Amino acid sequence: MQEFEIIVIGGGIAGMSAALTAARLGRSVTIFTGGVPGGELLNIDRIDGIPGYEDAIAGYDLCPIAQEQATNAGAQFIMDEVTAITAGEAGYIVSGPTACATAPALVLAMGAHIAKLGVPGEAEFTGSGVSQCASCDGPLLRGKDVIVAGGGDSGMQEALVLAQHVAKVTIVERGPGLSGQQAYREAVAANPKIEILAGHEIAAIEGGTSVEQVRLRSASGESTLAASGVFAFIGLEPSSTLADGLVERDRSGHVVVDAALRSSARGVCAAGNVRSGSAFRAAGAMGDGATAVLTLDRYLADDAWPTA
Ligand SMILES: Cc1cc2nc3c(=O)[nH]c(=O)nc-3n(C[C@H](O)[C@H](O)[C@H](O)COP(=O)(O)OP(=O)(O)OC[C@H]3O[C@@H](n4cnc5c(N)ncnc54)[C@H](O)[C@@H]3O)c2cc1C
């Protein structure tokens with residue numbers, strides 16, 4: 001088993017920022033990435049709102065740069081998904097299918113996953129019209145009509161990507177209208193390929209070998225809408241079950257932290273979308289990774305873990 005000063009769990013932008021910061025401080029650090037590093041950003045064509053990139057940057061361009069930067073600074077990358085964290089006398093033992101490491105300090109950066117609709121047909125048609133990646137599957141639906149469920153930032157952003165490929169995008173929103181950034185609302189309103197169906201939700205996804213239509217529910221009853229693709233962006237769920245029993249989590253499952261990103265467990269910080277009060281923005285996750293490690297750097301120096 002390898003020994004480190006800091007172990008980061010989660011290879012999204014929060015985790016990679018934490019690994020980079022730790023390595024630059026001269027701390028020995030490893031990051032368990034849970035697969036190809038990059039997390040949610042990896043599938044995003046245009047990451048908007050990062051200072052310095054006026055015309056946005058693609059996730060698949062940004063993430064390898066962040067990985068290389070952290071590696072060059074001295075961070076060790078392990079592609080394993082962590083399956084267990086055990087608290088021992090000398091610190092925490094973190095293990096996955098192929099690797100095991102120990103450290104007195106941890107950064108939990110497991111992020112969040114896009115929530116499923118939880119309706120009939122969703123699981124059955126995943127990969128045959130049901131997707132949560134517009135840039136991956138939009139080109140496969142060229143010339144077809146598709147539906148995006150959810151009229152928030154992610155839904156609008158992905159609808160704009162889909163509109164570059166498909167014939168028509170209908171955003172189905174349960175509430176009275178779109179919510180989120182004005183820049184996206186204006187872009188959606190100006191796009192002739194995008195329609196908004198507010199006050200409706202998807203009750204079922206139907207078809208033969210692939211998606212053919214959705215069944216909709218609204219205050220005025222049930223209806224159907226023909227579509228070849230369904231992309232759901234109705235919110236995020238924290239990937240925090242790994243931390244169950246280790247740290248306090250709030251009712252939605254996010255890791256509870258203080259202003260310095262300390263969790264309820266000594267030597268454990270949380271960063272990015274997995275923590276309570278996250279900004280749910282790439283820039284916020286990057287800042288979190290750095291803040292968490294600076295907190296742990298002080299902890300490793302003075303062994304103090306103040307509780308609120
Ligand atoms: C469709 C969409 C569009 C978005 N667009 C923008 C945008 O334009 N601008 C912007 O600023 N933000 C955007 N965001 C938000 C942004 O993606 C997130 O805020 C940011 O990626 C969060 O980073 P993170 O590192 O906290 O989590 P994540 O990106 O979720 O990364 C967490 C990583 O941890 C890994 N992991 C989970 N469990 C384990 C485990 N047990 N062991 C090891 N690894 C594990 C996961 O596999 C994942 O790689 C968008 C989000 C979505 C969904």
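Residues numbered from 1 in each chain as written. Predicted model: local features only at pLDDT ≥ 70, side-chain atom pairs only at ≥ 80, totals over all residues. Heavy atoms only, no water.

1. A word on the overall build of the protein chain
So, point 1. The secondary structure content of the protein chain amounts to six helices and 19 strands.
So, point 2. A compact globule built from 308 residues should have a C-alpha radius of gyration of about 19 Å, and the protein chain, at 21 Å, falls within 12% of that.
So, point 3. Relative to its 308 residues, the protein chain shows a buried fraction of 51%.
So, point 4. Across the protein chain, every contact between residues at least 6 apart in sequence was considered, and the portion connecting residues at least 24 apart equals 60%.
So, point 5. Split by element, the accessible area of the protein chain, about 14,100 Å² in all, is 50% carbon and sulfur.
So, point 6. Counting 19 positive and 34 negative side-chain charges, the protein chain places the centres of these two groups 4 Å from one another. (Helix = DSSP H or I, 4+ residues; strand = E, 2+ residues; numbered from the N terminus. Rg over C-alpha atoms; globule rule 2.2 N^0.38 Å. Buried < 20%, exposed > 50% of the residue type's maximum accessible area, 1.4 Å probe, protein only. Contact = heavy atoms within 4.5 Å. Areas by Shrake-Rupley, 256 points an atom, 1.4 Å probe, with all protein chains shown as cover. Lys, Arg positive; Asp, Glu negative; His and termini not counted. Charge placed at Lys NZ, Arg CZ, Asp CG, Glu CD.)

2. Some points on the pairing of strand E13 (residues 194-198)
So, point 1. Taken together, the five bridges between strand E12 (residues 168-173) and E13 define a ladder with parallel strand orientation. Paired with Thr 170 across the bridge in E13 is Glu 195.
So, point 2. Read from E12 through helix H5 (residues 182-189) to E13, the crossover connection turns out right-handed. (Pairing = 2+ DSSP bridges. Right-handed = clockwise from strand over helix to strand, strands pointing away.)

3. Remarks on the nonpolar core
So, point 1. Core analysis: the biggest nonpolar cluster contains 60 residues, and Ile 6, Ile 7, Ile 85, Val 107 and Leu 108 have the highest contact counts within it.
So, point 2. The element best represented in this core is helix H1 (residues 13-24), accounting for eight residues.
So, point 3. Those residues in contact with Ile 7 that lie beyond four places of it in its chain are Thr 30, Phe 32, Val 94, Ala 101, Thr 102, Ala 103, Ala 105, Leu 106 and Val 107.
So, point 4. With 19 residues, the next largest nonpolar core counts Val 148, Val 161, Val 169 and Tyr 184 among its residues. (Core = buried A, V, L, I, M, F, W, Y, C linked by side-chain atoms within 4.5 Å.)

4. Some remarks on the sheet that holds strand E8 (residues 105-108)
So, point 1. Judged by pairing direction, the sheet is parallel, and its five strands sit side by side in the order E4-E3-E2-E8-E19 without closing on themselves. Lying at the two open borders of the sheet, with one neighbouring strand each, are strand E4 (76-78) and strand E19 (268-270). Shown here is a sheet whose adjacent strand axes are inclined to one another by a mean of 20 degrees, direction ignored.
So, point 2. Two strands pair when backbone bridges link them, and strand E3 (residues 29-32) and E4 are joined in this way by three bridges, in the parallel orientation. Counted as the bridge partner of Thr 30 is Gln 76 from E4. (Axes fitted to C-alpha atoms, helices over the stretch in contact; angles between N-to-C directions.)

5. Regarding the site of the ligand
So, point 1. With respect to spatial proximity, 35 residues lie near the ligand, and among them Glu 40, Val 82, Gln 157, Asn 273 and Ala 282 are the closest.
So, point 2. A distance of 2.9 Å separates an oxygen atom of the ligand from a polar backbone atom of Asp 48.
So, point 3. Separating an oxygen atom of the ligand from a backbone N or O atom of Arg 281 is a distance of 3.3 Å.
So, point 4. Calculation on the ligand without its partners gives an accessible area of 1,000 Å², and the protein chains cover 90% of this total.
So, point 5. Mapped onto the shell around the ligand, the elements with two or more residues apiece are H1, strand E9 (112-114), helix H4 (153-162) and helix H6 (282-302).
So, point 6. Examining the composition of the shell around the ligand, we find that three residues originate from one element, H4, more than from any other.
So, point 7. In terms of residue class, the shell around the ligand is made up of 17 nonpolar, eleven polar and seven charged.
So, point 8. Per-domain counts for the shell around the ligand show at least three residues from each of domain 1 (2-113 + 236-302) and domain 2 (116-232). (Near = heavy atom within 4 Å. Polar contact = N/O pair within 3.5 Å; in protein donor to acceptor, adjacent residues only side chain to side chain. Nonpolar A, V, L, I, M, F, W, Y, C, P; charged D, E, K, R; others polar. Domains from an automatic or database assignment.)

6. Concerning the domain arrangement of the protein chain
So, point 1. The domain architecture assigned to the protein chain consists of domain 1 (2-113 + 236-302) and domain 2 (116-232).
So, point 2. Taking the mean C-alpha position of each, domain 1 and domain 2 sit 31 Å from one another.
So, point 3. Tallying the contact residues gives six residues for domain 1 and eight residues for domain 2.
So, point 4. When domain 1 packs against domain 2, the two sides together hide about 570 Å² of surface, and 37% of this comes from carbon and sulfur.
So, point 5. One can count one salt bridge joining domain 1 with domain 2.
So, point 6. When the shortest N-O distance is used, the salt bridge between Asp 153 and Arg 281 registers 3.2 Å.
So, point 7. Taken together, the connections running from domain 1 to domain 2 amount to four residue pairs in polar contact (both at pLDDT 80 or more).
So, point 8. In the side of domain 1 that touches domain 2, the residues fall into one nonpolar, one polar and four charged. (Buried area = accessible area lost by both parts, 1.4 Å probe. Salt bridge = Lys/Arg side-chain N within 4 Å of Asp/Glu carboxyl O.)

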